[in-house]
Amino acid sequence: MCICVSACESASSSAPGTLPFISIGKAASLTLGSSGLTIRASRQNLCGCLREEKEVNMGSSSSSYAPKTIYLDVDGKVQKVVFSRHCSPCDIKELLCSSSHIPRNTAIMMVDPEGALVSIDPTMPTNSPNFLYKVVPLSTGQLGEKEDMFQNVLSQVADQFSRAFRINELKTEVTNRLAMLEKRVELEGLKVVEIEKCKNDLKKLRDEMTSRGGGRVNCPCKYNFDDGKKVTPRRDVPNYPKYTLSQETVEALKKPTFDVWHWEHNEMLSCLEYMYHDLGLVKEFNMNPITLKRWLLAIQENYRSNPFHNFRHCFCVSQMMYGMIHLCNLQEKLTLTDMGILMTAAVCHDLDHPGYNNTYQINAHTELAVRYNDISPLENHHCAVAFQIFSLPECNIFANVDPEAFKQIRQTIITLILATDMARHGEILDSFKQKVDNFDFTNEEHVTCLKMVLIKCCDISNEVRPTEVAEPWVDCLLEEYFMQSDREKSEGLPVAPFMDRDKVTKPTAQIGFIKFVLIPMFETVMKLFPQIEEIMVQPLRDSRDHYEELKQIDDAMTEAQKKKTENMSLGGKKK
């Protein structure tokens, strides 16, 4: 317990019979009453965390308390300090700091008038008001030795830790790895710069060739075939949404009346996935379900955003194939391998279609036409992209198929996709007509020809669907045709009349196609599968009649406009 009297004069100014107020450790007081001496003290530990209030009642004649008194020189004034012998050196230092108006926790020393150091502890010698002690804060320089010692201790501890945990070795290893990474980043950065430079050089070269050769080189369907960045799906499988198809949707998927316009891409992917499971293809080919998802994602990513030849068209053709398999009871007539080939060919049949047909590719001498010698350049490219995707282990749904069996599957899928080239339409249909009357499902040649006709039917089957589903497809196809014809005009290439926006109308575009292409082909298939007449052939006839009526209306309006113009012309001459 420490007792501090704020000034020597305070004792003489106290009232008789009472002890003057005495500060004890900055938080205590003493009063003398009739019952003796009362001390109220607050004791606080060094951390300032524990504070304990005590009240001690002492007799006035107590002699156990033997305080020690010293006198300080504080700014020229005498300061009397009284403390108990039981005070710790830290408490005494705190008391001396408080008495000398020095901040707490300051390092101090105490000197006598002769400059000699006085130890700060309960055993320090007492002095008199004529021999004053002085409390002096230690300067930074004086603390230097202690700090050096402290730093030496820290260094020794750090060395021990370094040896124990191999810090220096780890630091060297991390530094080396960082240097390697920085080097790699630098090299990659240089590669990017070089790639950008090459791209700019190619662009300049194309611009120069365009200015010299009429603009044929700068064609969007001229791309680097070896660039595989599109082939791998950008989305990973965990982000592939899971949809549960209702029973109504499951039944609708089996019919040509299915409305393909009401579905988002993710929903169409789920429908395609369901078809493979429903037909038993996943089990038949021992497909990994996750691989099937990845493959479908890769397929979707590799269809371009053309007005017509896009992923929705892919889904449309695949759904029609799924519907014809059920409608014609092909499960009873063909093998599961055949159905897997039909579905997969339908899914892949227009992969990476550039939006410009074979006629343009050949006339413009594009890279595809040159590569495939003007023989079905687009269809050959669709096959190549399809099997480029299959070459990725994570997308190969036929990975568990015997190599010899896969070789046959690959060959048949290629045959079916090449059959979608409309330039071969007459040849394929004539071959099928020769076989249909005596068709043999055990004859491999007959079955292959049937599969070629089936994929052709599905590829151009939009008019089989209800008018509200089919007619938007006509608008999409005409938009793509007009884009091509505009380009052909700008490049000085031949323009097909059915693609010329100045010559073709929706009725004229559809009537001839329905009458001379669709109906003859579907009626031939109807000989083998009579059940399609009501569901597929009759809608084609109705669609033909619908467009013929529209053509009559257009012709009547054109004739009326022509007469009106002639009358106006005659009226002008009379005047």
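Residues numbered from 1 in each chain as written. Predicted model: local features only at pLDDT ≥ 70, side-chain atom pairs only at ≥ 80, totals over all residues. Heavy atoms only, no water.

Colleague: Is there a simple way to explain the pattern of salt bridges in this structure?
Modeller: Two side chains carrying opposite charge are able to pair once their charged atoms lie near each other. Enumeration over the complete set of coordinates arrives at 20 salt bridges. Note that Glu 273 is salt-bridged to Lys 293, the shortest N-O span being 3.2 Å. Of the two residues, Glu 273 sits in helix H5 (residues 265-278) while Lys 293 sits in helix H7 (residues 289-301), which places them 20 residues apart along the sequence. An identical accessibility class is assigned to Glu 273 and Lys 293; each is buried. Of the charged contacts, one joins Lys 551 and Asp 555 as a salt bridge, the two residues approaching to 2.9 Å between their closest N and O atoms. In this pair, Lys 551 and Asp 555 are both assigned in helix H19 (residues 532-574), 4 residues apart and thus about one turn of the helix distant. The exposure class assigned to Asp 555 is partly exposed, which follows from its relative accessible area of 40%. Residues joined by salt bridges that share partners form a network here, namely Glu 471, Asp 475 and Lys 506. (Salt bridge = Lys/Arg side-chain N within 4 Å of Asp/Glu carboxyl O. Helix = DSSP H or I, 4+ residues; strand = E, 2+ residues; numbered from the N terminus. Buried < 20%, exposed > 50% of the residue type's maximum accessible area, 1.4 Å probe, protein only.)

Colleague: Mind showing me how you'd approach the UniProt feature "binding site: AMP" (unreviewed entry) in the protein here?
Modeller: If you check UniProt for "binding site: AMP" (unreviewed entry), the listed places come out as His 309, Asn 310, Phe 311, Arg 312, His 313, Asp 350, Asp 459 and Gln 510 in our numbering. As for the annotated residues named above, the ones lining the second largest pocket are His 309, His 313, Asp 350, Asp 459 and Gln 510. Among the structural elements, Arg 312 can be located in helix H8 (residues 311-327). Once residues lying within four places of it in the same chain are set aside, the contact partners of Arg 312 are Val 260, Trp 261, Trp 263, His 265, Met 268 and Trp 473. Setting aside residues up to four positions removed in sequence, His 313 forms contacts with Phe 308, His 349, Asp 350, Asp 459 and Trp 473. (UniProt positions renumbered as here; feature names shortened; annotations may be inferred. 1 Å grid on protein atoms, 1.4 Å probe; cavity = no way out; pocket = protein on both sides within 12 Å on 5 of 7 lines; lining within 4 Å. Contact = heavy atoms within 4.5 Å.)

Colleague: I'm lost on the layout of surface pockets in this one. Help?
Modeller: The gaps of empty space that remain are located by a probe, the size of a water molecule, rolled over the atoms. If you add up the space inside the second largest pocket, you get close to 1000 Å³. The greatest single-element share of the lining of the second largest pocket, amounting to 8 residues, is contributed by helix H17 (residues 467-491). (Points joined across faces, edges and corners; volume = space filled by probe spheres on them.)

Colleague: Which parts of the structure should I look at to understand the packing of aromatic side chains?
Modeller: For any two aromatic rings, the description comes down to two numbers: the centre-to-centre distance and the angle of the planes. The final tally for this structure, using the stated rule, is 17 aromatic pairs. An angle of 50 degrees between the planes, with centres 5.4 Å apart, marks the rings of Phe 390 and Phe 398 as tilted. As far as burial versus exposure is concerned, Phe 390 and Phe 398 are alike and both buried. Taken together, the ring pairs connect Tyr 276, Phe 285, Trp 295, Phe 387, Phe 390, Phe 398 and Phe 406 into an aromatic cluster. For the cation-ring pair, Arg 410 lies above Phe 387, with the distance from its terminal atom to the ring centre recorded as 4.7 Å. (Phe/Tyr/Trp six-rings, centres within 6.5 Å; stacked < 30°, edge-to-face > 60°. Lys NZ or Arg CZ within 6 Å of the ring centre and 35° of its normal.)

Colleague: Would you mind going over a nonpolar patch on the surface with me for this structure?
Modeller: Taken together, the side chains of Met 149, Val 153, Val 157, Phe 161 and Ile 167 define a hydrophobic patch exposed on the protein surface, amounting to about 450 Å² of accessible area. Following the sequence through the fold, Met 149 ends up in helix H2 (residues 140-165). (Patch = residues over 30% accessible without salt bridge, like charges linked within 9 Å, V, L, I, M, F, W, Y side chains within 5 Å. Areas by Shrake-Rupley, 256 points an atom, 1.4 Å probe, with all protein chains shown as cover.)

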